[in-house]
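Here is what each chain is made of, one letter per residue.
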Amino acid sequence: MEFDLVIARGAVIDGSGQPRYVADLGIQNGAIAAIAGPGTLKGGRTLDAGGLAVAPGFIDIHSHTDWLLPLPDHASILAPMVAQGITTVVAGNCGFSPAPVTDASIPLVEHAAEILKDGELAYPWRSMGELLSALEGRGLLMNAALLVGHGTLRQAVMGNSAAAPSPAQMDALCALARASLREGAFGLSVGLAYTPGVFARRDELLALLRTVAEEGGVFTAHGRAYTWVSPFYKPLVLGPPHNLRSVRELLGLAEESRAKIQLSHQIFIGRRTWPTAPWVLRAIERAVDRGVDAAFDAFPYTVGNTTVNALFPDWVLDDFRARIADPTVLRRLRREFAMFRLLLGLDYADIRLLWGGAPELEALEGLDFREIAGLLGRGGFDAYVHVARVSDGKARVLLNTYSGVDAQDEPLRAVLSHPLCAFETDAILTRRGRHNPASFGTFPRVLGHYSRDLGLFRLEEAVRRMTSLPAERIGLREVGRIVPGHRADLVVFDPATVADNTTSGRADAPPSGIRAVLITGEVVAQDGALTSKTRQGRLLRRS
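Residues numbered from 1 in each chain as written. Predicted model: local features only at pLDDT ≥ 70, side-chain atom pairs only at ≥ 80, totals over all residues. Heavy atoms only, no water.

*Asks:* Looking at this structure, how should I read the nonpolar core?
*Replies:* A general trend in soluble globular proteins is that nonpolar side chains are found buried together. One finds Met142, Ile261, Leu447 and Phe493 to be the most contacted residues of the largest nonpolar core, which totals 108 residues. Every residue in contact with Ile261, bar those within four places of it in the chain, is listed here: Phe219, Leu250, Leu251, Ala254, Val292, Asp293, Ala294, Ala295 and Arg473. Judged by nonpolar contacts, the second largest core, of 46 residues, contains Val198, Leu354, Ala373 and Ala383. (Core = buried A, V, L, I, M, F, W, Y, C linked by side-chain atoms within 4.5 Å. Buried < 20%, exposed > 50% of the residue type's maximum accessible area, 1.4 Å probe, protein only. Contact = heavy atoms within 4.5 Å.)

Here it is, written out as structure tokens:
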């Protein structure tokens with residue numbers, strides 16, 4: 001039999017974590033049709049992978065591509081993700097998704113997602129099913145699986161209200177979540193530090209988690225706190241660290257509801273939060289030992305992107321436009337900021353403006369807030385509040401001290417080396433402003449720096465946690481493994497040279513060593529650049 005394509009003589013790392021082996025792969029009709037000894041298969045085309053590794057396409061378990069995928073030119077924006085080996089994205093994270101919406105909720109959803117956008121959407125859909133069909137009909141650069149965002153559900157039912165939902169509203173929230181899951185969403189995400197998810201309390205979350213568990217979906221969670229002290233728990237400095245309390249809260253909800261939980265971007269922000277890493281990881285392990293279906297994900301950098309409003313407590317976010325201009329509110333907020341900076345070991349120089357969200361802030365993009373304060377002739381707090389106010393809370397920032405600083409990254413290494421950790425980008429990639437290096441180098445950095453150079457885990461284990469582990473956690477089929485019958489989404493890379501080339505001054509540098517990326521059996525990228533204008537990606541639906 002002659003196959004459409006044969007990938008010859010590659011060292012197959014099949015995604016299971018088992019040792020690699022040299023083989024030929026026969027690709028037919030976009031799927032893996034045969035695996036045989038080297039030199040035994042024949043094809044109309046041959047890709048010689050001698051001396052290279054062949055792995056399943058990488059799965060970004062925590063992506064923010066939702067508002068990009070509907071754009072006609074999304075391939076030009078998302079090209080760096082495919083170039084680093086990503087063939088599948090899981091979108092709809094942190095409580096944000098473009099559906100379901102109502103006429104009244106669309107402006108609220110648009111405002112909440114402003115930092116994720118690169119162009120205006122027409123919203124021809126209202127339900128999750130209609131959104132998925134729209135994406136399916138337009139063609140996708142890469143495969144996409146969507147979660148439904150709790151914040152989006154809340155905005156459809158009760159706007160940005162800080163109140164607890166009434167019984168009728170709670171029924172409506174659960175009904176919308178259930179419908180979205182039945183229409184093809186893989187689970188529910190929450191963002192408990194963002195408006196309106198920040199206003200949700202235990203009873204609301206528990207009811208929604210029970211719905212997710214009944215439908216067999218996954219619950220992904222951006223917790224209330226990733227710092228050892230925060231505005232979200234009292235007392236402030238007595239009792240367990242707040243990030244530990246946040247993880248325990250989420251694990252307790254999952255345990256009571258019996259929902260599968262994926263703890264999003266397990267990070268430790270601020271120098272004085274780093275020592276809490278062993279306690280948080282141990283809490284997750286103990287929950288798993290009790291039978292909770294739990295795991296987590298992380299990115300391989302000590303910086304991460306978020307919204308400027310992520311540092312504000314819920315009492316500021318409720319009616320934000322009025323409160324951020326209220327002198328009484330600002331006096332209290334100034335005191336809290338000073339206290340939290342001291343307690344966390346986080347300085348204004350650790351916060352960089354990526355995108356200002358307003359024309360008058362564009363000249364400040366790329367600068368940290370110590371530099372911005374100097375240019376504006378203000379203190380650090382006043383400079384930060386100025387950017388938040390002018391951008392209406394939409395500015396995008398890059399925070400440092402995420403589980404370390406530069407090479408001083410012992411907490412990050414502990415997270416990445418944990419067998420329950422899947423790898424993710426959590427990157428917000430747009431053509432506006434400056435970039436997060438994770439958009440360009442996440443998976444090459446794991447393979448090169450942390451696996452090959454530092455030896456934190458075997459190469460086979462690294463591949464498992466960027467392929468089959470995320471597929472299993474989310475419930476994706478026909479991706480994440482090299483086995484006959486799975487789709488031919490593959491990455492061919494050089495284990496000796498694969499590397500992330502981003503730097504603090506060049507966050508958009510393409511990686512090295514990613515020789516070829518295939519989606520549905522077609523080569524779509526080679527040596528760090530797209531090579532095909534055809535869209536081979538598939539819209540994945542939960543069955």
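From this point, things continue past the structure.
*Asks:* Please explain the pattern of salt bridges as it appears in this structure.
*Replies:* Where charged atoms from two side chains of opposite charge come close, those side chains can pair. Summed over the entire model, instances satisfying the criterion amount to 36 salt bridges. Its salt-bridge partner being Arg541, residue Glu136 comes within 3.1 Å of it at the nearest N-O pair. Of this pair, Glu136 sits in helix α3 (residues 128–138) while Arg541 sits in the segment after β22 (539–540), and the two are 405 residues apart along the sequence. A relative accessible area of 45% places Glu136 in the partly exposed class. A salt bridge links Glu461 to Arg465, with the shortest nitrogen-to-oxygen separation between them at 2.9 Å. The exposure class assigned to Arg465 is buried, which follows from its relative accessible area of 0%. When salt bridges with common partners are traced through the structure, they connect Glu110, Glu114, Lys117, Glu120 and Arg432 into a single cluster. (Salt bridge = Lys/Arg side-chain N within 4 Å of Asp/Glu carboxyl O. Helix = DSSP H or I, 4+ residues; strand = E, 2+ residues; numbered from the N terminus.)

*Asks:* Whenever I open this one, the side chain of Arg154 confuses me. Can you help?
*Replies:* Structurally, Arg154 can be placed in helix α4 (residues 150–158). One polar contact links the side chain of Arg154 to the main-chain carbonyl oxygen of Ser161, over a distance of 2.7 Å. Setting aside anything within four residues of it in sequence, one finds Arg154 in contact with Gly159, Ser161, Ala163, Ala164, Pro165, Leu173, Pro196, Phe199, Ala200 and Glu204. (Polar contact = N/O pair within 3.5 Å; in protein donor to acceptor, adjacent residues only side chain to side chain.)

*Asks:* Any chance you could explain the packing of α4 against helix α5 (residues 167–182) here in plain terms?
*Replies:* In a pair of packed helices, the angle between the axes and the distance between the axes together describe the arrangement. With their axes 10 Å apart at the nearest point, α4 and α5 run at an angle of 135 degrees to one another. The angle between α4 and α5 falls in the class oblique. In the crossing of α4 with α5, the sense of the turn from one axis to the other is right-handed. Residues Leu153, Arg154, Ala156, Val157 and Met158 of α4 lie in contact with α5, whose contacting residues are Gln169, Ala172, Leu173, Leu176 and Ala177. (Axes fitted to C-alpha atoms, helices over the stretch in contact; angles between N-to-C directions. Parallel < 35°, antiparallel > 145°, perpendicular 65-115°, else oblique. Left-handed = near helix turned anticlockwise from the far one by under 90°.)

*Asks:* Could you clarify how one ought to interpret the pairing of strand β16 (residues 396–399) in this entry?
*Replies:* A regular strand places its side chains so that they alternate between the two faces of the sheet. Alternating residues of β16 divide into Arg396 and Leu398 and Val397 and Leu399, and every residue in both groups is buried. Here strand β14 (residues 304–307) pairs with β16 via four bridges, running antiparallel. Looking across to β16, one finds that Thr307 is bridged to Arg396. The sheet contact formed by strand β15 (residues 351–355) and β16 spans four bridges and is antiparallel. Counted as the bridge partner of Ile351 is Leu399 from β16. (Pairing = 2+ DSSP bridges.)

*Asks:* How do you make sense of the environment of Leu181 when you look at a structure like this?
*Replies:* With respect to the helices and strands, the residue Leu181 is situated in helix α5. Setting aside residues no more than four positions away along its own chain, Leu181 makes contact with Phe186, Gly187, Val212, Glu215 and Arg542.

*Asks:* I'm lost on helix α15 (residues 438–453) in this one. Help?
*Replies:* Residues spaced three or four apart along an α-helix point in a common direction, a consequence of the helix completing one turn every 3.6 residues. Its 16 residues give α15 an end-to-end C-alpha distance of only 19 Å, which falls more than 12% under 22 Å, the value for a rise of 1.5 Å per residue. Along α15, the sharpest kink reaches roughly 55 degrees, centred on Arg445. Where burial is concerned, most of α15 is hidden: 13 out of the 16 residues are buried. Within two residues after α15, Gly455 carries a phi angle of roughly 65 degrees, on the positive side. (Expected span 1.5 Å × (residues − 1). Bend = angle between axes of the 7 residues up to and from the residue.)

*Asks:* Would you mind showing me how to read the sheet that holds strand β8 (residues 143–146) here?
*Replies:* The strands that make up a sheet pair up through hydrogen bonds in the backbone, lying either parallel or antiparallel. If you trace the four strands from one edge of the open sheet to the other, you get β6-β7-β8-β22, paired in parallel fashion. For this open sheet the edge positions go to β6 (58–60) and β22, each flanked by a neighbour on one side alone. Alignment of β6 against strand β7 (residues 86–91), held across three bridges, turns out to be parallel. Looking across to β7, one finds that Asp60 is bridged to Val89. Strands β8 and β22 of the sheet are contacted by α3, whose axis makes an angle of about 175 degrees with β8.

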